[in-house]
Amino acid sequence: EPEIYGRATIRGTDFNVFYLGGRLVTEAPEELYERASKRGSTYTFLNPPFFAILMGPLAALPIEVSAVAWFVVNVVCTGHSAWILSRLLAPPGLTAAFLAMTLLLALPYTLENVFLGQLHAVILYLMVLSFAAIRRHRGPIVGAAGVAVATAIKLLPAIFGVYFLIRREWRAFASFVLLLAVTTVAVPAMFRGPRTAFALLAEFGPRRPR
């Protein structure tokens with residue numbers, strides 16, 4: 001078995017926890033925050049239910065195939081994030097050099113994220129999309145969308161919602177709150193039914209996000 005499969009599907013990585021969450025939210029949602037993964041007895045799913053639903057399609061695949069797909073998602077998110085930032089921030093005529101330097105400096109972080117099966121590249125990508133929308137003046141809803149979805153996956157990005165308050169971007173902040181409510185509450189209710197969705201949110205409430 002190739003090393004990437006072993007590292008991504010057994011002990012020492014987060015991917016197997018996410019994969020388990022995607023399976024449980026469909027097959028046994030009452031166990032989403034209770035059943036431990038192969039990583040260890042204390043490693044249960046800790047993210048909001050929305051992320052478990054997002055993992056559903058990957059969890060429907062054999063875990064070896066799913067691990068490779070997750071690897072590809074991480075690489076694409078990292079690469080496109082660097083490309084967007086280079087287009088926005090590079091001095092005139094230095095876009096390619098800025099992109100190369102960004103990828104080089106981010107290489108240790110990228111490899112760690114990929115081989116530990118983490119989701120930081122996905123969070124980074126969503127934040128970069130919001131940053132790009134704000135820089136390009138594409139409206140408060142578009143600018144807040146990435147931050148809202150990132151927060152619905154992992155609560156920590158919610159601190160960036162404070163940015164809208166500091167800037168007094170009231171429409172953007174309102175859009176952030178509304179989109180967060182939709183992704184956190186409405187999407188689980190639509191896919192798993194209101195009763196199950198609210199039960200999962202109640203189970204998640206006292207816990208800390210991964």
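Small disclaimer: the values here were computed from a predicted structure and weren't measured.

Q: Which residues make up the layout of surface pockets, and what values go with them?
A: In this structure, the largest pocket occupies an estimated 240 Å³ of space. Grouping the amino acids of the lining of the largest pocket by side-chain chemistry returns seven nonpolar, three polar and four charged.

Q: Could you give an account of the packing of helix α8 (residues 140-153) against helix α10 (residues 170-192), with specific residues and numbers?
A: Between α8 and α10, the shortest axis-to-axis distance is 8 Å and the interhelical angle comes to 40 degrees. Taken together, the axes of α8 and α10 lie oblique to each other. By crossing handedness, the relation of α8 to α10 is classed as right-handed. For the pair α8 and α10, the contacting residues are P140, I141, A144, A145, V147, A148, V149, T151 and A152 in the first and R171, A172, S175, F176, L179, L180, T183 and T184 in the second.

Q: Please provide a residue-by-residue account of the side chain of S66, values included.
A: Structurally, S66 can be placed in helix α5 (residues 63-89). According to the relative accessible area criterion, S66 is buried, its value standing at 0%. Setting aside its immediate chain neighbours within four residues, S66 contacts F15, Y19, L58, A59 and L61.

Q: Could you give me a rundown of the confidence of the model for the protein, with the residues and numbers involved?
A: Residues with a pLDDT of 70 or more make up 90% of the protein, whose mean pLDDT is 85. The weakest mean pLDDT in the protein belongs to helix α1 (residues 3-9) at 50; the strongest belongs to helix α3 (residues 49-54) at 95. Below pLDDT 50 for its whole length, residues 1-5 participates in six contacts with residues either more than four positions away or in separate chains.

Quick notes on the rules
Residues numbered from 1 in each chain as written. Predicted model: local features only at pLDDT ≥ 70, side-chain atom pairs only at ≥ 80, totals over all residues. Heavy atoms only, no water. 1 Å grid on protein atoms, 1.4 Å probe; cavity = no way out; pocket = protein on both sides within 12 Å on 5 of 7 lines; lining within 4 Å. Points joined across faces, edges and corners; volume = space filled by probe spheres on them. Nonpolar A, V, L, I, M, F, W, Y, C, P; charged D, E, K, R; others polar. Axes fitted to C-alpha atoms, helices over the stretch in contact; angles between N-to-C directions. Helix = DSSP H or I, 4+ residues; strand = E, 2+ residues; numbered from the N terminus. Parallel < 35°, antiparallel > 145°, perpendicular 65-115°, else oblique. Left-handed = near helix turned anticlockwise from the far one by under 90°. Contact = heavy atoms within 4.5 Å. Buried < 20%, exposed > 50% of the residue type's maximum accessible area, 1.4 Å probe, protein only. pLDDT = per-residue confidence, 0-100.

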